[in-house]
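Report on the structure
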Amino acid sequence: MDALVNKRIKQVLKGDKDAFAEIVDLYQHRLFQVCFRMLGNRHEAEDIAQEAFVRAFINIHTFDQKRKFSTWLYRIATNLCIDRIRKKKPDYYLDAEVRGTEGLDMYSQIAASDELPEEELMKLELQERIQYEISRLPDKYRSAIVLKYMEELSLQEISEILDLPLGTVKTRIHRGREALRKQLSRQPHI
């Protein structure tokens, strides 16, 4: 995929805007997921993901093609998310996701296993609780935890995205996990 992306980037640099549309198609879902997990609001995540693509397009000439494009793009999006979080603390939105329905669509209602409905409900409640507790982490830990455990990126990729030394990334992930563990050991928020 990196070779295809680099080919499209070269086309964009030559003035082919349609080539960038292909890049957007390749990354839009995963980029939205990163933003949504950091912001917890579907509309804001869509806005930030779109802004990240706009900035990537405008600054594509600064991208070093020896590196992974996804890392560069996630770094742009992560920085935009952190900026949004800092500016909007602690705003609440009427259009925010309703608890218990995060990420659910009709496909998720189709039974895919032999689990009992009660077990599925408990799983959903636990996932909701974990997402809630992640949203309460300090920004520096939240971004590291989301990129490591939700986006399953390597420590090196996280280091590049957050522009931090590898040791700092490891420390933030460790401290984020500890903070999350403490938060989850308390009484449920519901």
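Residues numbered from 1 in each chain as written. Predicted model: local features only at pLDDT ≥ 70, side-chain atom pairs only at ≥ 80, totals over all residues. Heavy atoms only, no water.

Under an unreviewed UniProt entry, the protein has the name RNA polymerase sigma factor and belongs to Psychrobacillus psychrotolerans. Word for word, the UniProt comment on the protein under Sequence similarities (unreviewed entry) is "Belongs to the sigma-70 factor family. ECF subfamily." (UniProt positions renumbered as here; feature names shortened; annotations may be inferred.)

From N to C terminus, the protein includes eight helices and zero strands. Of the regular secondary structure in the protein, the N- to C-terminal order runs α-α-α-α-α-α-α-α. Intrachain contacts of the protein at a sequence separation of at least 6 include 66% that bridge at least 24 residues. Here the protein has roughly 12000 Å² of accessible surface; of this, 52% comes from carbon and sulfur atoms. (Helix = DSSP H or I, 4+ residues; strand = E, 2+ residues; numbered from the N terminus. Contact = heavy atoms within 4.5 Å. Areas by Shrake-Rupley, 256 points an atom, 1.4 Å probe, with all protein chains shown as cover.)

With respect to the helices, strands and loops of the structure, arginine 8 is situated in helix 1 (residues 2-13). Among all residues touching arginine 8, those that are not within four sequence positions of it are Ala19, Glu22 and Ile23.

Take aspartate 139: it is sitting in helix 6 (residues 139-150). Expressed as a C-alpha distance, the spacing of aspartate 139 and isoleucine 85, which sit 54 residues apart in the sequence, is 7.8 Å.

Attention now moves to the packing of helix 1 against helix 2 (residues 17-39). Interhelical geometry of helix 1 versus helix 2 gives an angle of 145° and a closest axis separation of 8 Å. Along this stretch, helix 1 crosses helix 2, giving a crossing that reads as left-handed. For the pair formed by helix 1 and helix 2, the contact residues are Leu4, Val5, Arg8, Ile9, Gln11 and Val12 on the first element and Ala19, Phe20, Glu22, Ile23, Leu26 and Tyr27 on the second. Of the residues assigned to the contact of helix 1 with helix 2, the class counts are nine nonpolar, one polar and two charged. (Axes fitted to C-alpha atoms, helices over the stretch in contact; angles between N-to-C directions. Left-handed = near helix turned anticlockwise from the far one by under 90°. Nonpolar A, V, L, I, M, F, W, Y, C, P; charged D, E, K, R; others polar.)

For glutamate 152, which is not glycine, the phi torsion reads 55° and is therefore positive. Tracing the backbone through its elements, the reader meets glutamate 152 in the loop between helix 6 and helix 7 (155-162). The phi dihedral of aspartate 163 falls on the positive side, at around 55°, and the residue is not glycine. As for its position among the elements, aspartate 163 is in the loop between helix 7 and helix 8 (166-185).

Counted by the stated rule, this structure contains 13 salt bridges. Glutamate 133 is the partner of arginine 136 in a salt bridge, and the nearest nitrogen-oxygen pair spans 2.7 Å. With a gap of three residues between them, arginine 136 and glutamate 133 both fall in helix 5 (residues 117-136), about one helical turn apart. Glutamate 133 sits in the buried class, given a relative accessible area of 2%. One network of salt bridges, with partners in common, ties together Arg30, Arg37 and Glu151. (Salt bridge = Lys/Arg side-chain N within 4 Å of Asp/Glu carboxyl O. Buried < 20%, exposed > 50% of the residue type's maximum accessible area, 1.4 Å probe, protein only.)

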